Amino acid sequence: NGGKSWTLVHDFEGDKIISVKVSPRDPNRIFVSHKHNGSNWKIHRTDDGGDNWQNISLSMSESDFNSNKAIYLDVDGINPDRVYALLLGTQDGYQIFNSQDAGNTWQNLTTATLNDEHVVSLAHQRGTNGGVYLGTTRAVYYREDSMNDWELFNSGLPLITPAIFLQSDYCG
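What comes next is a walk through the structure. (Residues numbered from 1 in each chain as written. Predicted model: local features only at pLDDT ≥ 70, side-chain atom pairs only at ≥ 80, totals over all residues. Heavy atoms only, no water.)

**Re the layout of surface pockets**
Okay, so step 1: Taken as a whole, the largest pocket spans an internal volume of roughly 420 Å³.
Okay, so step 2: In this structure, the largest pocket is lined by 21 residues; those nearest its centre are K21, D74, A123, L166 and Q167.
Okay, so step 3: Examining the composition of the lining of the largest pocket, we find that five residues originate from one element, strand β9 (residues 119–124), more than from any other.
Okay, so step 4: Among the residues forming the lining of the largest pocket, the class breakdown is twelve nonpolar, six polar and three charged.
Okay, so step 5: Considering only enclosed or pocket space, the second largest pocket measures out at about 200 Å³ in volume. (1 Å grid on protein atoms, 1.4 Å probe; cavity = no way out; pocket = protein on both sides within 12 Å on 5 of 7 lines; lining within 4 Å. Points joined across faces, edges and corners; volume = space filled by probe spheres on them. Helix = DSSP H or I, 4+ residues; strand = E, 2+ residues; numbered from the N terminus. Nonpolar A, V, L, I, M, F, W, Y, C, P; charged D, E, K, R; others polar.)

Quick look at the structure:
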């Protein structure tokens, strides 16, 4: 109804919600990252519009024993099973992860190219082969499935381009 009224889907016991992403292909598939208690952060997924939720947080071994603070999420525009998570950690700094099975397992996409970068945003680009942009406090990077590493995406941009929020424009 255009936002005239709202319905509570899930309150996560009052936790601080960090990121909410709804699959463009399956509106019943929703991913949420939230700060659970203290330094314990979680990622949850629902496949039924919010009636039931599953914890799909990365295990400590998957994140190489980083602190697993999932700050931002994005969902593939075509494949509702593919989700990206940007983690703020204490051991290795910021890390970007990808899951191709709706968060049941995770793969680390972080490379040395991102060392010393303060990653603050991410955005998947629909119609690409897993293309995702990362925004940092200094630049924008891009990577897709056929690439082994992140590339600086700076054609026509100033030398330093803080990218605190990235969003693809599909409306033109």
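Having seen the model, we can carry on.
**Some words on the sheet that holds strand β4 (residues 54–55)**
Okay, so step 1: Strand order in the open sheet formed by four strands is β1-β2-β3-β4, and the pairing between neighbours is antiparallel. Of all strands in the sheet, those with a lone pairing partner are β1 (16–22) and β4, marking the two edges.
Okay, so step 2: Pairing analysis gives six bridges linking β1 to strand β2 (residues 30–37), with the strands arranged antiparallel. Across the sheet, the residue bridging to V22 is I30, located in β2. (Pairing = 2+ DSSP bridges.)

Bear in mind that shape data such as this cannot, by itself, settle questions of function.
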